[in-house]
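Structural overview for review
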Amino acid sequence: MHKYVLKRLLLLIPVMLGVTFIVFGIMHLTPGSPARLKLGEKATPEQIAALEHEMGLDKPFIIQYGNFVKNGLKGDFGRSYLSNKPVFEEVLDRFPATLKLAVAAMTIAVVIGIPAGIISATKQYTLVDSVTMVLALIGVSMPVFWLGLMLILIFSVNLGWLPSSGASTWMHLILPSITLGLSSTAIITRMTRSSMLEVIRQDYIRTARAKGVPERKVINKHALRNALIPVVTVIGLQFGSLLGGAVLTESVFSWPGVGKLMIDSIKKQDIPVVMASIIFIAITFSIVNLAVDILYAFIDPRIKSQYQ
Amino acid sequence: MVEKIKKKSQWREMWDRLKVNKMAMLGLGILVILILLAVFAEQIASYEDVAIKMDTSIRLQGPSKEHILGTDEFGRDMFARIVHGARVSLKVGIIAVGIAIIIGGTLGAVAGFYGGTLDNVIMRTMDVFLAIPSILLAIAIVSSLGSSMLNLMLAVGISSIPNYARIVRASVISVKDEEFVEAARAIGARDNRIILKHIIPNSIAPVIVQATLGVAGAILSTAGLSFIGLGIAQPQPEWGAMLSGGRAFLVQAPHVVAFPGIAIMITILSLNLLGDGLRDALDPRLRQ
Amino acid sequence: MSNEFLSIEDLHIHYITQEGTVKAVNGIDLKLNKGETLGLVGETGAGKTTTALGILRLIPNPPGKIMDGKIILEGRNLLELSEEEMRKIRGKKVSMIFQDPMTSLNPVMTVGEQIAEVIEIHEDVNKEEAKEKAKEMLELVGISGGRAGDYPHQFSGGMKQRVVIAIALACSPELLIADEPTTALDVTIQAQVLDLMQGLKKEFNTAMILITHDLGVVAEACDKVAIIYAGEIVEYADIESLFASPKHPYTQGLFASIPSLDEDVERLNPIKGLMPEPTDLPSGCRFHPRCPYAEAKCSEMDPKSVEVGAEHRVKCLIYSGEVSGKGIENE
């Protein structure tokens, strides 16, 4: 098992190299010179050329990328063109807010989604099931930013119960986390339901019933653990969507996270900040997925013994 | 010949199963209406004369007889803009998915068919793409290439390539060793012929399911990008951009935000209903 | 009467689906004494498993439904019990061994847990005692008790079926229903598992319903045999009498379709035709479309069960004298 974890951790290295390569490559295509951006409109071509040389922008792409990785390994992702602060610090400053939002949203999604899916599956073809499924379908169909605005309209503007922007108290967390978590809630509900329905039909569930296991235990002990295996995968993947959705949610609620930092930086063409934000989120996502895969082995003994 | 009959009956069977699925038919119905609206947008309301015609004297008006969905912050008719917006959204969504299917499908087919190192290189590259949440990848691409409809399609399309590569690869691997492919190989058919004539047709069904759901995802991503100002430029009506524009007037004129969002939701809902139905029709084991 | 342990009367079970009603079990009558083994023989789809699941009231509902009949176990009609009362019978008084050992065990629980669970539910023991007992059960079926902590995927098919048997017998049930317990196993393992079941059955004095399509297994293990066709019992007899003189044309067909070592036959004689669609059963005698002795009457009249010997009953119009049955072998 340790070997497996170690192997997976080592596999993260090429993935991260790939991610930085893609992000660096895409950003390299941005037209306009960062040197001009830094110096302003009045700069002479000579000044710009001098700064480009200083920043290493006149070197071939692959050398620039090499330097980027070399410095990145030391935690140096360059400085913001605008604030001139180290990018790594800026992103790291904002990171806890994003993580808090994503974790809160995921908690909502798991705490509501899994029980809703179980209930829906065990009451298949009843009104409860139909209502849950319709709600879940609406949930996956709603654009996250629109939902955010509608929640602001209802709970901040009309009812005045909750703040619409900022992040100073836990009250501020409520609307953004509901906004961000809703589609994941819906997806987890749907996944849990279909996985549960699949498992309930299995022979070993019939065996459990034939043993005289009470129905509650058949569902919560025998069926659920098996049904959760694919759901856990979905939860891991959803974390990626959540981190992506956080960009939009943070923009709606002026939530001071990495997503908002990234959007603001895009508008100001502050490329180092944009790159570092994306790379940071990708690293987080990869680590979460790794954690999910390890968790997987604990739920499913078949997988665990594969790696022993 | 025999295969042709078999395939026809497979589609027929799929349609027969889809037909009885009321939710899927509802989705298909809504989708057909949306497509008709998009196709005949110009006949319903002129682009030049209504959809982008500003009249600040009637700005932010609520729904009325003249403007059934009210007017926006520049006094433009919301209904006309939403109808023309359908055109943009569906076009971007479908073309983006088309790009993803062509590139992702080819990569997946090649990886699955040849296996070995090539397969490894392609799929590990796809893994790298998957490590970046797709909306972030799209944001990066648009912010670097600049916002235009074409770049939007490219960005959204490229960011969903790995999905199709995986699906096509999986179905190629599952049909690769079937007898009719072996037979084709035995009579000396060339690789590209085997891929085009035998393997692609057999992996189409799962791709269609993913594509239906994928168009929904692409429309959502497009709207999201437009919402944060990386999408389609004014005055062209795009749902996400409309929503973003109305945002400042959320309190005075909530309809400017509400209606485009509802339009997005209905579109996504119809595609999801249809996609779910197609998936169930494809795998009858899941229904019952 | 005093000896009668289980009695099934006029049991009807249907599966109601969108495509139509599947009449899986149509008026089955069965009796079983304490300690006896009854073989339930028929083709796939004849209603054997449905009958077995019906006894435990484990028919998946929807779509399955017990439409009519009685299942009387020691004087109590199981169909009238509450779900909770029924649950106390399952695994304790009546247990079941399923056909496919590969899928019958929960993949995420150790085999020890799965055996201990049934003991904990039905017996007044604590967790530790149940665990101990589970190990004993494993030893009893020929698996080292040390493997109680292993998961099902670490066992072979035959070993898994032993675990299933251990679960079924853990609470010393009075009735064991074995649904084709050896079909999914290798031929070499089949005999082992069957011997094991036979031995344990004697040890615990358990009555057994053995579902199979293999007459060889029946000959080896059963006291009584019921031949089931299209959801009906067409012939019921004790083992000697059935093997000595099978009466129903279907039973005779079954015997004719197994190779014999004693006789030198040119070729086997399979029963012609296929089982009728259970959604669309033929009128009259269900077997008449495939019966070599069928006459016009067979498609019109529903045969009644006729006594042809001591505890030997046949459901065929030949034996009630309605149809001549010319050419039928009958000694």
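The model shown is predicted, which means the values in this text are computed figures rather than measured ones.

**Examining the overall build of chain A**
A count of helical and extended segments in chain A gives 13 helices and zero strands. Put simply, chain A runs from its N terminus to its C terminus through helices and strands in the order α-α-α-α-α-α-α-α-α-α-α-α-α. With the principal axes as the frame, chain A shows a C-alpha extent of 85 × 55 × 30 Å. When each of the 308 residues of chain A is scored for burial, the buried share is 52%. When contacts within chain A are restricted to residue pairs at least 6 apart in sequence, long-range pairs at least 24 apart make up 74% of them. As presented, chain A carries roughly 14,100 Å² of accessible surface, and 66% of it is formed by carbon and sulfur atoms. Looking at chain A, you have 29 positive and 18 negative side-chain charges, and the mean spots of the two groups are 12 Å apart.

**Regarding the interface of chain B and chain A**
Taken together, the contacts link 42 residues of chain B with 46 residues of chain A. Summing the contributions of chain B and of chain A, the shared interface buries around 3,600 Å²; its carbon and sulfur component is 77%. At the junction of chain B and chain A, the tally comes to one salt bridge. Between Arg190 of chain A and Asp276 of chain B there is a salt bridge, with the nearest N and O atoms lying 2.8 Å from each other. On the surface where chain B and chain A come into contact, there are seven residue pairs in polar contact (both at pLDDT 80 or more).

**Digging into the packing of aromatic side chains**
Applying the stated criterion across every chain yields a total of 16 aromatic pairs over all chains. Aromatic side chains Phe21 of chain A and Tyr65 of chain A sit 5.1 Å apart centroid to centroid with 85 degrees between the ring planes, which places their arrangement in the edge-to-face category. Of this pair, Phe21 of chain A sits in helix H1 (residues 2-28) while Tyr65 of chain A is found in helix H4 (residues 61-73), placing the two residues 44 residues apart along the sequence. When the centroid spacing of 5.6 Å and the interplanar angle of 40 degrees are considered together, the rings of Phe24 of chain A and Phe61 of chain A count as tilted. Taken together, the positions of Phe24 of chain A in helix H1 and Phe61 of chain A in helix H4 put the pair 37 residues apart, joining distant regions of the chain. Take Phe61 of chain A: its relative accessible area is 25%, and that puts it in the partly exposed class. Through a chain of ring-to-ring contacts, three or more aromatic side chains come together here, namely Phe21, Phe24, Phe61, Tyr65, Phe68, Phe77, Phe88, Phe95 and Phe280 of chain A. Over the ring of Phe155 of chain C we find Arg147 of chain C; its NZ or CZ atom is 4.0 Å from the centre of that ring.

**A look at the interface of chain C and chain A**
Contacts between the two partners involve 25 residues from chain C, matched on the other side by 20 residues from chain A. Summing the contributions of chain C and of chain A, the shared interface buries around 2,100 Å²; its carbon and sulfur component is 61%. Linking chain C with chain A are two salt bridges, by the criterion used here. A salt bridge links Glu117 of chain C to Lys221 of chain A; its shortest N-O distance comes to 3.4 Å.

**Structural notes on the sheet that holds strand S1 (residues 4-17) of chain C**
Residues and elements named next belong to chain C. Strands sit in the order S2-S1-S4-S5 across an open sheet of four strands; the sheet is antiparallel. Two strands bound the open sheet, and with one partner strand each, they are strand S2 (20-33) and strand S5 (76-77). Direction of pairing for S1 relative to S2: antiparallel, over a ladder of 11 bridges. By the bridge assignment, Glu4 is partnered in S2 with Asn33. This element, helix H1 (residues 48-55), spans S1, S2 and strand S4 (64-73) of the sheet and lies at about 115 degrees to S1.

**A short note on the pattern of salt bridges**
All names here are of chain B. The final tally for this structure, using the stated rule, is 30 salt bridges over all chains. In this structure, Arg124 and Asp127 form a salt bridge, with 3.0 Å as the shortest nitrogen-oxygen distance. Placement of the pair is Arg124 and Asp127 together in helix H6 (residues 116-130), with a separation of three residues, close to one helical turn. Residue Arg124 is classed as partly exposed on the basis of its relative accessible area of 42%.

**Structural notes on the arrangement of the chains**
By contact count, the leading pair among the two pairs of chains in contact is chains A and B. At their nearest point, the C-alpha atoms of chain B and chain C are still 9 Å apart, with no contact between the two.

**Thoughts on the confidence of the model for chain C**
All names here are of chain C. Looking at chain C as a whole, the pLDDT averages 84, with 95% of positions reaching at least 70. Of all helices and strands in chain C, the one with the weakest mean pLDDT is helix H7 (residues 187-204) (80), whereas helix H4 (residues 111-122) scores best (91). Scored as a whole, the predicted complex attains pTM 0.85, and scored at its interfaces, ipTM 0.86.

**Thoughts on the pairing of strand S12 (residues 312-315) of chain C**
Residue and element names in this part refer to chain C. As defined by bridge partners, strand S10 (residues 232-238) adjoins S12 across two bridges and the pair is classed as antiparallel. Within S12, the residue paired with Glu235 across the bridge is Val314. Across four bridges, the pairing between strand S11 (residues 305-309) and S12 is antiparallel. Along S12, the bridge assignment pairs Glu307 with Arg313. Taken together, S11 and the strand that follows it, S12, pair antiparallel across an intervening segment of two residues, in which Glu311 is found at a positive phi of about 50 degrees.

**Looking at a nonpolar patch on the surface**
All names here are of chain B. Where nonpolar side chains cluster on the molecular surface, the patch consists of Val32, Ile35, Leu36, Val39, Phe40 and Ile44 and spans about 490 Å² of accessible area. Residue contributions to the nonpolar patch peak at four residues, all from helix H2 (residues 22-39). The topology assignment puts Ile35 in helix H2.

**What to know about the confidence of the model for chain A**
Averaged over all residues, the pLDDT of chain A equals 87, while 98% of them reach at least 70. Per-element averaging of pLDDT across chain A places helix H2 (residues 34-39) of chain A at the bottom with 71 and helix H5 (residues 87-122) of chain A at the top with 93.

**Examining the domain arrangement of chain A**
The assigned domain composition of chain A is domain 1 (32-76) and domain 2 (94-307). Computed from C-alpha atoms alone, the centre-to-centre distance between domain 1 of chain A and domain 2 of chain A is 40 Å.

**Some points on the sheet that holds strand S9 (residues 224-229) of chain C**
Residues and elements named next belong to chain C. Strands sit in the order S6-S7-S8-S3-S9-S10-S12-S11 across an open sheet of eight strands; the sheet is mixed. Edge strands, defined here as strands with exactly one partner in the open sheet, are strand S6 (94-97) and S11. Across this sheet, the average inter-strand angle for adjacent strands is 20 degrees, counted without regard to direction. Note that strand S7 (residues 175-179) and strand S8 (residues 207-212) share five bridges and pair parallel. When the bridges of S8 are listed, Leu176 appears paired with Met208. Contacts from H7 reach strand S3 (37-41), S6, S7 and S8 within the one sheet, and its direction differs from that of S8 by about 160 degrees.

**Considering helix H9 (residues 203-210) of chain A**
Along H9 of chain A, the residues classified as buried are Tyr204, Ile205, Thr207, Ala208 and Ala210 of chain A. Where the residues of H9 of chain A are buried, they touch helix H8 (171-200) and helix H10 (215-253) of chain A together with S6 and helix H3 (101-104) of chain C. One or two residues past the end of H9 of chain A sits Gly212 of chain A, with phi positive at roughly 90 degrees.

So, how was this worked out
Residues numbered from 1 in each chain as written. Chains lettered and ligands numbered in written order. Predicted model: local features only at pLDDT ≥ 70, side-chain atom pairs only at ≥ 80, totals over all residues. Heavy atoms only, no water. Helix = DSSP H or I, 4+ residues; strand = E, 2+ residues; numbered from the N terminus. Buried < 20%, exposed > 50% of the residue type's maximum accessible area, 1.4 Å probe, protein only. Contact = heavy atoms within 4.5 Å. Areas by Shrake-Rupley, 256 points an atom, 1.4 Å probe, with all protein chains shown as cover. Lys, Arg positive; Asp, Glu negative; His and termini not counted. Charge placed at Lys NZ, Arg CZ, Asp CG, Glu CD. Buried area = accessible area lost by both parts, 1.4 Å probe. Salt bridge = Lys/Arg side-chain N within 4 Å of Asp/Glu carboxyl O. Polar contact = N/O pair within 3.5 Å; in protein donor to acceptor, adjacent residues only side chain to side chain. Phe/Tyr/Trp six-rings, centres within 6.5 Å; stacked < 30°, edge-to-face > 60°. Lys NZ or Arg CZ within 6 Å of the ring centre and 35° of its normal. Pairing = 2+ DSSP bridges. Axes fitted to C-alpha atoms, helices over the stretch in contact; angles between N-to-C directions. pLDDT = per-residue confidence, 0-100. Patch = residues over 30% accessible without salt bridge, like charges linked within 9 Å, V, L, I, M, F, W, Y side chains within 5 Å. Domains from an automatic or database assignment.

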